[in-house]
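Observations on the model geometry
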Amino acid sequence: MNLVQMLVRAARVHPERPAVWLGDQPLLDYRALADRAARLAGHLRGELGLRPGDRVALVMSNDVAYLELLQAAWWAGLAVVPINAKLHPREVEFILGDAGAAVLFVSDDLAADLQPLLGGLPALRRAFTPGDPAYETALAAPSVAPAHRAPDDLAWLFYTSGTTGRPKGVMQTHRNLYAMTSCYFIDVDDVQADDAIVYAAPMSHGAGMYNFAFVARAARHIVPASGGFDPAELVALSQSVGRLCLFAAPTMVKRLVDHIAASGAPAGGFKTLVYGGGPMYVEDIQAALATMGPRFVQIYGQGESPMTITALARETLDERTHPRWAERIASVGVAQTLVEVRVAGPDGQTLPTGETGEVVVRGEAVMAGYWRNPEATAQALRDGWLWTGDMGAMDADGYLTLKDRSKDVIISGGSNIYPREVEEVLLRHPGVREVSVIGQPDPEWGEVVVAFVVGSEVTAAALDALCLEHIARFKRPKRYHFVAELPKNNYGKVLKTALRELLHKEEPTC
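Predicted model, so just to flag it, every value in this text is computed and none were measured.

1. Here we look at the side chain of Gln-440
Mapped onto the elements of the fold, Gln-440 is located in strand β24 (residues 432–442). Look past the residues within four positions of Gln-440 in its chain and what remains in contact with it is Gly-446, Glu-447, Val-448, Val-450, Arg-479 and Leu-503.

2. Some words on the packing of helix α1 (residues 5–13) against helix α2 (residues 30–45)
The N-to-C vectors of α1 and α2 enclose an angle of 140°; their axes lie 8 Å apart at closest approach. The orientation of α1 relative to α2 falls into the category oblique. As α1 runs across α2, the sense of the crossing is left-handed. Contacts between α1 and α2 involve Leu-7, Ala-10 and Ala-11 on the former and, on the latter, Tyr-30, Arg-31, Leu-33, Ala-34 and Ala-37. The residue makeup of the contact of α1 with α2, split by class, is seven nonpolar, no polar and one charged.

3. Some points on unusual backbone geometry
Not every positive phi belongs to a glycine, and Arg-243 is a case in point at roughly 55°. Considering the arrangement of structural elements, one finds Arg-243 in the loop between α10 (231–240) and β11 (244–248).

4. So, the sheet that holds strand β2 (residues 25–29)
An order of β2-β1-β10-β9-β11-β12-β13-β14-β15 is seen for the nine strands of this open sheet, with the pairing classed as mixed. In this open sheet, the two strands that pair with only one neighbour each are β2 and β15 (334–335). Summarising the sheet, strand β13 (residues 296–302) and strand β14 (residues 305–312) pair through four bridges and their orientation is antiparallel. Each residue of the ladder has a partner; that of Gln-298, found in β14, is Leu-312. Most of the contacts of helix α11 (residues 250–263) go to strand β12 (residues 270–275), to which it runs at about 145°, and overall it touches β11, β12 and β13.

5. Some points on the side chain of Asp-442
With respect to the helices and strands, Asp-442 occurs in strand β24. The buried charged residue Asp-442 lacks any salt bridge partner; its closest oppositely charged side chain belongs to Arg-479, at an N-O distance of 4.7 Å. A polar contact of 3.0 Å, which involves the side chain of Asp-442, links it to the backbone nitrogen of Glu-444. Leaving out residues up to four positions away in the same chain, Asp-442 has contacts with Tyr-281, Glu-447 and Val-448.

6. A look at the sheet that holds strand β26 (residues 479–482)
Taken in spatial order, the three strands of this open sheet run β24-β25-β26, and their pairing is mixed. Each having just a single partner strand, β24 and β26 make up the two edges of the open sheet. When the angles between neighbouring strand axes are averaged without regard to direction, this sheet yields 25°. Two strands pair when backbone bridges link them, and β24 and strand β25 (residues 446–455) are joined in this way by 10 bridges, in the antiparallel orientation. Across the sheet, residue Gly-439 finds its bridge partner in β25, namely Val-449. Of the strands in this sheet, β24, β25 and β26 are in contact with helix α17 (residues 460–470), which crosses β26 at around 130°.

About the thresholds
- Sequence order sets the numbering: in each chain, residues are counted from 1 along the sequence as written.
- It should be noted that, the model being predicted, local features are given only for residues of pLDDT at least 70 and side-chain atom pairs only at 80 or more, the latter also being counted only at that level, while totals for whole chains, interfaces and linings use all residues.
- Side-chain metrics rest on all non-hydrogen atoms present in the structure, leaving aside hydrogens and water.
- Helix numbering and strand numbering both begin at the N terminus, where a helix is a DSSP run of H or I of at least 4 residues and a strand a DSSP run of E of at least 2.
- Only heavy atoms matter for contacts: two residues are in contact if any of them lie within 4.5 Å across the pair.
- Every axis in this analysis is a line fitted to C-alpha atoms, fitted for helices over the stretch in contact. Angles between the N-to-C directions lie between 0 and 180 degrees.
- The labels follow the angle: roughly parallel below 35 degrees, roughly antiparallel above 145, roughly perpendicular from 65 to 115, and oblique for the rest.
- Helix crossings fall into two classes, left-handed where the near helix is turned counterclockwise from the far one by less than a right angle and right-handed where it is turned clockwise.
- Three categories are distinguished: nonpolar for Ala, Val, Leu, Ile, Met, Phe, Trp, Tyr, Cys and Pro, charged for Asp, Glu, Lys and Arg, and polar for the others, with Gly belonging to the last.
- Strands were regarded as paired on the criterion that DSSP finds at least two bridges between them.
- Burial classification: accessible surface area is computed with a 1.4 Å probe over protein chains only, and a residue below 20% of its type maximum counts as buried, one above 50% as exposed, and the rest as partly exposed.
- We count Lys and Arg on the positive side and Asp and Glu on the negative side, and we leave His and both chain ends out.
- Whenever a carboxyl oxygen of Asp or Glu lies within 4 Å of a side-chain nitrogen of Lys or Arg, that contact is scored as a salt bridge.
- What qualifies as a polar contact is a pair of N or O atoms within 3.5 Å, subject to a donor-acceptor requirement within protein and to the restriction that residues adjacent in sequence count only when both atoms come from side chains.

So, in C-alpha cells, the structure goes:
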C-alpha cells in the first residue's frame, strides 16, 4: 500500500483544511497539496519517463516545497533519497551516485555548490530548484493517478554516516513507515485536526518522517520562516498558531527551555515536544519539565528502525511520585508497540535483567537492508533481529538504559558523526602519523568532536582546512590534542577509554 494514500484520503475527506504554512501564514489546503503532488508526479512519470522504484533525491534546506516533493515522489511510485543539507558537496556526490538518483531537487541556497558535480552523475536526468521556471512548468503537467506500490517496495532511502568512511543507504519500505506512523499514534502522541507539526529540525531526517501522522489526520504542517530552529520564533508561533508539535534533538530542547525560562514566555502553545538522537541529561529533562510541564516524549530509534525502538511516555516523565522516577527518566523508555527489543550477548542470547549487552530489535519497522550492500546487511540483520551497535541494559519493567555505543558514534547537536570518517580525512595530512577521534560531553551540543593527533609539522588550522575540504563543517573536530603517542593494548588497538580519561585530567591544546 502506497504511503501517499494517506494524502489521497486527507484531500478527499478534508479538502479545505489548511495543510502547509510558512510561519503563521497558510499557503496550501489539502486539496491544493494533493493536486500539486499529482501534477509533479505526472511530470516525473510523463515528461521524464521515471518508472516505479526509481530514486528522486532531495538536497534541500527546510522549505514549504519539501512536503509536496515527498508526496509527489510516492504518488509517482518512486523512492525518495532525502540528503542532509549540511553535508559537503563531495559527500552529496557520493550519495547521488550510489543511489543512482534519476532526478535531483535542490534548494536555491545549495544549488551553486552542487552544480559542478552534476555532470559526473550518469544516472541523473534532471535537476530542479523549487520556484524556478522549470519547476513551475512541472507543476503545470497533467495529474496522474497514484501508483500502486507493494508494502515491501522501497519508499525512503536514508543514508547514514559510514563507520568505514562511506555512508550506507538504509532501505525503508512502505511497510516500515506505516509501522512507524502507527507507533507514533500508539506510543508517542495522538494527533488532532488542529495540531501543527513545525519543522524546526531537518526534514531530511526524523522531523520529516513524522509528516505521515499529521497528513493522516489532515493536520497542519509549518515550516518556520527562518527555515530552522530559533527558540524565539518557535515561541511566537506557539502563540499565534497554537498546539505546536515538534521533533528535536536534546540540545535544541535545552535551548528552547532555557529561552522560555529566561524570557518568562508562556509554554501553553506547545502541545508535544518529541526528543531523540540521544537521551537528555537528567538535570536537563527535569528543568524542561519544571519550565514547560508534561509536554515531552522521548523516542529512541535508528535509521535502520526509524523512530521506533523505544519510547518514554509523557506520563512516565511526569510521574514524579514513582520510587524509580529518577532512573526511568534517565532511560530511553520501553519497547514501542510494533517492535520487540532485548539486550543480547555476543552469542545472541538474551542477557539477564540489568546486564549490559547489545540492543537488538525486530518488527515491522525494521529496515529491509542496506542498499546494494549485502555484506553490511548480513552483519546488521541476523536471525530476524537488527543488531543496533548500541549497548544498554534493561530493567525488570522493560525500561532500557543506554550505556555506550559500540560503533563509537558521536552525537553532536542530534547529528551522528562516526569517528573513522573524520580520522580518515585527518590522516590525509602528510604530517599526521596516527589519529583517534572521540566525543567529549558538552552541555550545549551533547558531545563535541575531539581529535588526538600524533605527528609533526601540523597545526590545528591546517587540519581544520583539510576537514572543510572533504567533510561537512559540523563533523570537524572542535579541539585537537597533540600527543607523542596513542594509548594501545597488547594487540595494537587504540584505547579510547584511556583517551576519554585523559580529557578529564587536562584540557586539549589547540
